Amino acid sequence: MRAFWLCLFAASLCFVPSMATADELRPVRIAKPVGGHIHPAACVTPKGTIVVTYGQINHRDLRISRSTDGGQTWTEPTPFEHTIKKTYYPGSLTTLRDGKLMHAWNRWSTETNEAEPRSVLYSISADDGVTWNEPKPLPRTENVMSVIRHPIVELESNRWLVPLSDRTFLFDPASDKSEPFGDGRLHGLVPIVRTPKGTFISGAGLRSTDEGKTWKEIEKFPNLKEQGWRHEMVCLSNGWLLASEIPGPGVGGDLIRYVISRDDGLTWNDTFEYHNPGRPIGGRACPRTVELDAKTIGVVFYDVSEQQEGGPGLFFLRIPLTRLPAK
């Protein structure tokens, strides 16, 4: 009997709480948003901290949450300091080369909430998203609504490629000066990424190998242009390109999947489905993907259906790259 209890004690020392296996792809709930424009943004710091922003209450409560353990647990979402008591529309997050974070969001009114210039502000964090410096405005077209929803592309220090709804331009944050990007065309409210080979892929379905001076249309490209603020496109460090696709009727569709390119954006043939609840998705999901390491990605999305366990939620899902279709 003594030997039995010794064995049981030894086994208890080796006990590890059960976690979802890679095959289960079980999402973690970050928050329970109320509704409206939830539209999350996400980035990962050099220390591995994941930072997420989202709208808790439509245009009135932009919140921020952080995870330091790869998305398994999250801090209690708190109001983003520079939008408290101000109207806004959710924007984007970008990790800069120096490790700082750039958060850009859409100001929906003046300081007193009396007018609606609908311009873009940005703020920088040097401590993994804990605190943020005073906001600065991005250049805008006079008397035209300006909106951002996708990360900027940092071409080099103090040279940002900024995709706004009314302008696609290069911006120098040190001088506050801007200039046209490439051939000067407006790509619209779609993501733009640069691959490790230096190729630019635009969510408008275009590809450029000469710094945006000329563009070629991509055949059978995912339909990001129709609702570019809703969808995403990311380029991983291995060169793979992932674009979101949400087929199905209604506001939220039936499922969310990636459409994948492994040849520098030339062809988009493979797909990988990661959220299919077997019912209509509540809300537009607005997925945003980050690369956690060379073997793992994570995606934040929302589903506000009351039919799911726990009700409406903002979720984070870790996905091993081995789950994606082989070449």
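Residues numbered from 1 in each chain as written. Predicted model: local features only at pLDDT ≥ 70, side-chain atom pairs only at ≥ 80, totals over all residues. Heavy atoms only, no water.

Caption draft 1: Here's a closer look at the overall build of the chain. Helix and strand content of the chain: 1 helix and 24 strands. Taking 327 residues into account, the globule formula puts the C-alpha radius of gyration at 20 Å, and the chain, at 21 Å, falls close to it. By principal-axis analysis of the C-alpha atoms, the chain measures approximately 85 × 50 × 40 Å. Taken across its 327 residues, the chain has 51% of its residues classed as buried. Partitioning the intrachain contacts of the chain with sequence separation of at least 6 by distance along the chain shows that 47% fall at a separation of at least 24. For the chain, the accessible surface area stands at approximately 15,700 Å², while carbon and sulfur atoms represent 52% of it. Taking the average location of the 38 positive side-chain charges in the chain and that of its 38 negative ones, the two points are 1 Å from each other. (Helix = DSSP H or I, 4+ residues; strand = E, 2+ residues; numbered from the N terminus. Rg over C-alpha atoms; globule rule 2.2 N^0.38 Å. Buried < 20%, exposed > 50% of the residue type's maximum accessible area, 1.4 Å probe, protein only. Contact = heavy atoms within 4.5 Å. Areas by Shrake-Rupley, 256 points an atom, 1.4 Å probe, with all protein chains shown as cover. Lys, Arg positive; Asp, Glu negative; His and termini not counted. Charge placed at Lys NZ, Arg CZ, Asp CG, Glu CD.)

Caption draft 2: Local environment of the packing of aromatic side chains. Inspection of the entire model under this criterion finds 14 aromatic pairs. Between tyrosine 122 and tryptophan 160 the ring centres are 5.5 Å apart and the planes differ by 75°, which places this aromatic pair in the edge-to-face class. Of this pair, tyrosine 122 sits in strand E8 (residues 119–125) while tryptophan 160 sits in strand E11 (residues 159–163); the two residues are 38 residues apart in sequence, bridging distant segments of the chain. Of the residues examined, tyrosine 122 reaches a relative accessible area of 3% and is grouped as buried. (Phe/Tyr/Trp six-rings, centres within 6.5 Å; stacked < 30°, edge-to-face > 60°.)

Caption draft 3: Highlighting unusual backbone geometry. Although it is not a glycine, lysine 85 sits at a positive phi angle of roughly 65°. Within the secondary structure, lysine 85 is located in the loop between strand E5 (78–79) and strand E6 (88–95). One non-glycine residue with positive phi stands out, namely aspartate 176, at about 65°. Take aspartate 176: it is sitting in the loop between strand E12 (168–172) and strand E13 (177–180). By relative accessible area, aspartate 176 is classed as partly exposed at 46%.

None of the figures reported here should be taken as evidence of function without further support.
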